[in-house]
Amino acid sequence: MWMENPIFREDMESIASADFIPWEKLSGKTLFITGATGLIGFNLISALAYKNLEQKVPLKILALVRDEAKAKERFAEIVFAGAPLKFIVGDLEHIPQVDEDIDFIIHGGSPTASRYFVEHPVETIRMNLTGATTLLEMAREKQVESFLFLSSMEVYGSLHREEKVDENHESFVNTMNPRSSYPEAKRMIEAMCASYTAQYMVPAKIIRLTQTFGAGVRKEDNRVYAQFMRQALAGEDIVLFTQGGTKHSYLYTADAVTAILTVLLNGENGEAYNAANEETYCSIKEMAELVARMKDVGVVVKTSSESSKLYPAESFMNLSTEKICKLGWYPKLTLEGMYECLIKTMK
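What you are looking at is a predicted structure, and each value in this text was computed from that prediction instead of being measured.

(A) Representation of the overall build of the protein chain. Per the secondary structure count, the protein chain includes 13 helices and 14 strands. Its C-alpha atoms give the protein chain a radius of gyration of 20 Å, within 12% of the compact-globule value 20 Å for 347 residues. In terms of overall dimensions, the protein chain has a C-alpha envelope of 55 × 45 × 40 Å along the principal axes. Burial status across the protein chain gives 53% buried among its 347 residues. For the protein chain, the proportion of contacts with a sequence separation of at least 24, taken over those separated by at least 6, is 83%. As presented, the protein chain carries roughly 15700 Å² of accessible surface, and 48% of it is formed by carbon and sulfur atoms. Considering the protein chain, the positive charge centre built from 37 side chains and the negative charge centre built from 47 side chains are found 2 Å apart.

Pasting the structure below:
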């Protein structure tokens, strides 16, 4: 993709040139990655392949995938170019035995659709916990150099006051809501990581990502930022079905990849790190207005008596990134820059 798409190539070059990442630690190493075909996994594997192919850093990538044919199609250019990418066929509940040595594990696999969490809460919990247990045992057996779990800002729950949220902030997750199957599973896996570090000396770290988007987003993505983009590109007014008061921060895909590699290679064992661009903190309505200005369309609010039943109450998630920034990491793209890149890649 980086050969065909100039925006994506710029992203790969930006990641590969990040001088705060100790790339030498990956030389001659093998990485096992779950969630390979998702947005973040795709960008992460592409960046590692770029580092190998373009900058000759010797490494090997093992990617857990459910469908090898679809994975080969998703990574067709990388495979054709001869990247050291091997697909391990399985899922989080059926991770096969891997006979090869593994130096690093990055666990990003999980259901990600809110509808799935609501309709299949039991499967959401079971899949997440089964996969994490298998992978932490693998990390213990293989004596990996580092294990990184990709968690989420959702572990903090729904916060209804505006304040900075650091890694020690209390959580407000309603355990009686089936939708909470996702954040509660993430919270349990975080506890498992800390426990495996304390009891078995597994070098586990956690990164809590805010909502991430950028190059590689699928056109059919139904998250709010993608809906805004599709409406604007079609020359249509952006329609909000709430007042759009919910506020949180965002992160560009390439910045998420550099954050992941930073924590994997420089983070402290048994510690969690927020990852976001603090300058992007805004409301849903403010984001809609930004996109509307970029494409010269309007923003229309259409609320009804059913809105409060269909959509969650206003909440706020202003993540503090002081801790990860102390590792040398910093984000590069603003919210407007993120949308500019997204629109160009979609075109």
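(B) Region of interest: the sheet that holds strand S1 (residues 29-34). If you trace the seven strands from one edge of the open sheet to the other, you get S3-S2-S1-S4-S5-S7-S11, paired in parallel fashion. Each having just a single partner strand, strand S3 (85-89) and strand S11 (272-275) make up the two edges of the open sheet. Pairwise comparison of adjacent strand axes, ignoring direction, gives a mean angle of 20° for this sheet. Across the sheet, helix H6 (residues 121-142) is in contact with S1, strand S4 (104-107) and strand S5 (146-152); its angle to S4 comes to roughly 170°. This element, helix H9 (residues 253-266), spans S1, S4, S5, strand S7 (204-209) and S11 of the sheet and lies at about 160° to S7.

(C) Seen up close, the pattern of salt bridges. Summed over all chains, the structure comprises 19 salt bridges. With its nearest N and O atoms 2.7 Å apart, the salt bridge here joins Arg-208 to Glu-190. Linking Arg-208 in strand S7 with Glu-190 in helix H7 (residues 181-200), this pair joins segments that are 18 residues apart in sequence. Accessibility assignment for this pair places Arg-208 and Glu-190 in one class, buried. Bridged by salt links that share partners, the residues Arg-9, Glu-13 and Glu-54 form one connected network.

(D) Summary view of the nonpolar core. Counting 80 residues, the largest nonpolar core has Leu-48, Ile-207, Phe-213, Tyr-225, Leu-335 and Tyr-339 as its most contacted members. Ile-88, Ile-95, Met-127 and Val-202 belong to the second largest nonpolar core, which has 26 residues in total.

(E) The arrangement of the packing of helix H2 (residues 39-55) against H9 in detail. The geometry of H2 relative to H9 is characterised by a closest axis approach of 9 Å and an angle of 70° between their N-to-C directions. As the angle between them shows, H2 and H9 are arranged roughly perpendicular. Along the contact surface, H2 presents Leu-39, Ile-40, Asn-43, Leu-44, Ala-47 and Leu-48, while H9 presents Thr-253, Val-257, Ile-260 and Leu-261. The class makeup of the residues in the contact of H2 with H9 is eight nonpolar, two polar and no charged.

(F) Structural context of H7. Taking 1.5 Å per residue as the helical rise, H7 with its 20 residues ought to reach 28 Å, and the 27 Å between its terminal C-alpha atoms agrees with that figure. For H7, the set of buried residues is Ser-181, Tyr-182, Pro-183, Ala-185, Lys-186, Ile-189, Glu-190, Met-192, Cys-193, Tyr-196 and Thr-197. Those residues of H7 hidden inside the fold are in contact with helix H5 (114-119), H6, S5 and S7. Met-201 occupies a position one or two residues after H7 and carries a positive phi of about 60°.

What counts as what
- Residues numbered from 1 in each chain as written.
- Predicted model: local features only at pLDDT ≥ 70, side-chain atom pairs only at ≥ 80, totals over all residues.
- Heavy atoms only, no water.
- Helix = DSSP H or I, 4+ residues; strand = E, 2+ residues; numbered from the N terminus.
- Rg over C-alpha atoms; globule rule 2.2 N^0.38 Å.
- Buried < 20%, exposed > 50% of the residue type's maximum accessible area, 1.4 Å probe, protein only.
- Contact = heavy atoms within 4.5 Å.
- Areas by Shrake-Rupley, 256 points an atom, 1.4 Å probe, with all protein chains shown as cover.
- Lys, Arg positive; Asp, Glu negative; His and termini not counted.
- Charge placed at Lys NZ, Arg CZ, Asp CG, Glu CD.
- Pairing = 2+ DSSP bridges.
- Axes fitted to C-alpha atoms, helices over the stretch in contact; angles between N-to-C directions.
- Salt bridge = Lys/Arg side-chain N within 4 Å of Asp/Glu carboxyl O.
- Core = buried A, V, L, I, M, F, W, Y, C linked by side-chain atoms within 4.5 Å.
- Parallel < 35°, antiparallel > 145°, perpendicular 65-115°, else oblique.
- Nonpolar A, V, L, I, M, F, W, Y, C, P; charged D, E, K, R; others polar.
- Expected span 1.5 Å × (residues − 1).

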